[in-house]
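The primary structure of each chain is shown beneath.
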Amino acid sequence: MQRSRNGRSAPAHPNDGAAPTRARQRAYAIAALPEGDDLGELRELLKTAGVAVVGQAVQHRDRPHPNTYLGPGKLQEVKDALKGADANLVACDDELSPRQERNLETELGVPVIDRTAIILDIFAGHANSAEGKVQVELAQLEYNLARMRGLWTHLERLGASASQPGIGTRGPGETQIETDRRLARDRITALRRKLAGVKGARTTMRAERERAHLPKLAMAGYTNAGKSTLLNHLTGATVGVRDRLFHTLDPSTRVWRLGGRDHLLTDTVGFIRKLPHQLVDAFSATLEETVDADLILH
Ligand SMILES: Nc1nc2c(ncn2[C@@H]2O[C@H](COP(=O)(O)OP(=O)(O)OP(=O)(O)O)[C@@H](O)[C@H]2O)c(=O)[nH]1
Ligand SMILES: [Mg+2]
């Protein structure tokens, strides 16, 4: 499957079917952190996305550099290290602004992917249900739309205006971006409408369960912590279990018999630090299953 972002295309599952001798995508991980150098989570995300990690660099700073994420000195260090590490991709531990991403790519000479794009890619690969797919597509479009906006601002800053087009702004560029943005917005509206329908169906389902007057328990926790395994053990369910992040995207509710009483136990999508806000918005219907519970197991 091809996914296109900023005019670039990348396979969603780079390792599918390929012999894993030398990963096709070899990422150099970068982070701006106030302290420490633990990039374990980013490494785990990349592994789940099928990307090998060939090196890492951490710069200690209170907040990322507004233009280039890392400061100029560290950036040069990373640039020098890329060749030796045989990296063909740079992965960033935070969501980058479109400007930061563009500047980093120019400076480093390789594609740069941020944390949000990695998580969105994983979700896109793991979504099975119609609802899951719609939610992921919505989150991806929101993310892409913000990037297009960034590109537009960039062109405007070059001095583009209808009466006085600036250098680099002539030709189909502007029109194309406007068309893309309009198409993205139309699609977002259509997807939101679809999700509203799903939300309605969920509310009906919940109302039916409500009538059974069973206590509702929901599991909330870090992704890959073992939530689905626990649901299966407690209720005899056969929800998919795998040692990878974000395996479960759709909620499952089963009856759990405890102390001679029936309870409803719900397993749902897991959490991670800095979960992209686009995903939190898009998955609101799913997350409501947790909010609705009488008790949340963490
Ligand atoms: N050692 C050990 N491994 C466990 C335990 N519970 C689950 N696992 C393993 O941990 C991995 C993740 O388990 P899941 O049940 O899929 O975790 P999850 O929280 O549902 O994860 P996501 O749906 O991906 O967010 C699987 O490989 C399980 O076999 C446990 O108690 N001990
Ligand atoms: Mg699970």
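Numbering of residues begins from 1 in every chain and follows the order in which that chain's sequence is written. Here the convention is simple: chains get letters from A, ligands get numbers from 1, in the order in which they are written. At least 70 in pLDDT is required for a residue's local features to be given in this predicted model, at least 80 for side-chain atom pairs to be given and counted, and no such filter applies to totals for whole chains, interfaces and linings, which use all residues. As a rule here, side-chain values cover all heavy atoms of the structure and leave hydrogens and water aside.

A few points about the sheet that holds strand 8 (residues 252–258)
Put simply, the test is: The criterion for strand pairing is that DSSP finds at least two bridges linking the strands in question. Counting from the N terminus, the helices are DSSP H or I runs at least four residues long and the strands are E runs at least two residues long. Only the contacting stretch of a helix is used when fitting its axis, a line to C-alpha atoms as for every element, and angles between N-to-C directions run 0 to 180 degrees.
If you trace the four strands from one edge of the open sheet to the other, you get 8-9-7-10, paired in mixed fashion. Two strands lie at the open edges of the sheet, namely strand 8 and strand 10 (295–297), each paired on one side alone. Between one strand axis and the next, the sheet turns by 30 degrees as a mean value, whatever way the strands run. By the bridge criterion, three bridges tie strand 7 (residues 216–219) to strand 10 in an arrangement that is parallel. Each residue of the ladder has a partner; that of Leu 217, found in strand 10, is Leu 295.

Considerations on the coordination of the magnesium ion (ligand 2)
Heads up, the condition is: Any nitrogen, oxygen or sulfur atom within 2.8 Å of a metal ion counts as a donor, with the limit raised to 3.2 Å for Na, K and Ca, and since water is left out, coordination shells can look unfinished. Residue exposure (1.4 Å probe, protein chains only): buried if accessible area is under 20% of the type maximum, exposed if over 50%, otherwise partly exposed.
All of the protein donors around the magnesium ion (ligand 2) are Ser 228 (OG) and Thr 248 (OG1); their distances to the metal are 2.0 Å. Of this pair, Ser 228 sits in helix 7 (residues 227–235) while Thr 248 sits in the loop between helix 7 and strand 8, and the two are 20 residues apart along the sequence. Each of the two residues, Ser 228 as well as Thr 248, counts as buried.

With respect to helix 2 (residues 72–85)
Test applied: Each helix should span, by expectation, one fewer than its residue count multiplied by 1.5 Å. Arc definition: directions from the helix axis to the C-beta atoms.
In this model, helix 2 (14 residues) spans 20 Å end to end at C-alpha, consistent with the 20 Å of a helix rising 1.5 Å per residue. Lys 74, Leu 75, Val 78, Leu 82 and Ala 85 are the residues of helix 2 that are buried. Angularly, the buried residues of helix 2 cover 100 degrees about the axis, an arc narrow enough to put them on a single face. For helix 2, the exposed residues lying more than 90 degrees away from the buried face are Pro 72, Asp 80, Lys 83 and Gly 84.

Thoughts on the pattern of salt bridges
Which entries qualify depends on this criterion: For this document, the term salt bridge refers to a Lys or Arg side-chain nitrogen within 4 Å of an Asp or Glu carboxyl oxygen.
One pass over the full model with this rule turns up 22 salt bridges. For Glu 131, the salt bridge is made with Arg 202, and the minimal N-O distance between the two is 2.7 Å. With Glu 131 in helix 5 (residues 130–157) and Arg 202 in helix 6 (residues 173–211), this residue pair connects regions lying 71 residues apart in the sequence. Among the residues examined, Glu 131 registers a relative accessible area of 12% and is labelled buried. Residues Arg 209 and Glu 289 are paired through a salt bridge, measuring 3.6 Å at the closest nitrogen-oxygen approach. Of this pair, Arg 209 sits in helix 6 while Glu 289 sits in helix 9 (residues 284–291), and the two are 80 residues apart along the sequence. Both residues of the pair, Arg 209 and Glu 289, count as buried. Through salt bridges with shared partners, one network takes in Glu 131, Lys 199, Arg 202, Arg 206, Arg 209, Glu 288, Glu 289 and Asp 292.

Structural notes on the pairing of strand 4 (residues 52–60)
Here is the rule we go by: If you view a crossover with the strands going away from you and the path from the first strand over the helix to the second runs clockwise, you call it right-handed.
Across eight bridges, the pairing between strand 3 (residues 26–33) and strand 4 is parallel. Within the sheet, the bridge partner assigned to Ile 30 lies in strand 4 and is Ala 57. Crossover handedness for the path strand 3 to helix 1 (residues 40–48) to strand 4: right-handed.

No statement about biological role is implied by the geometric values presented.
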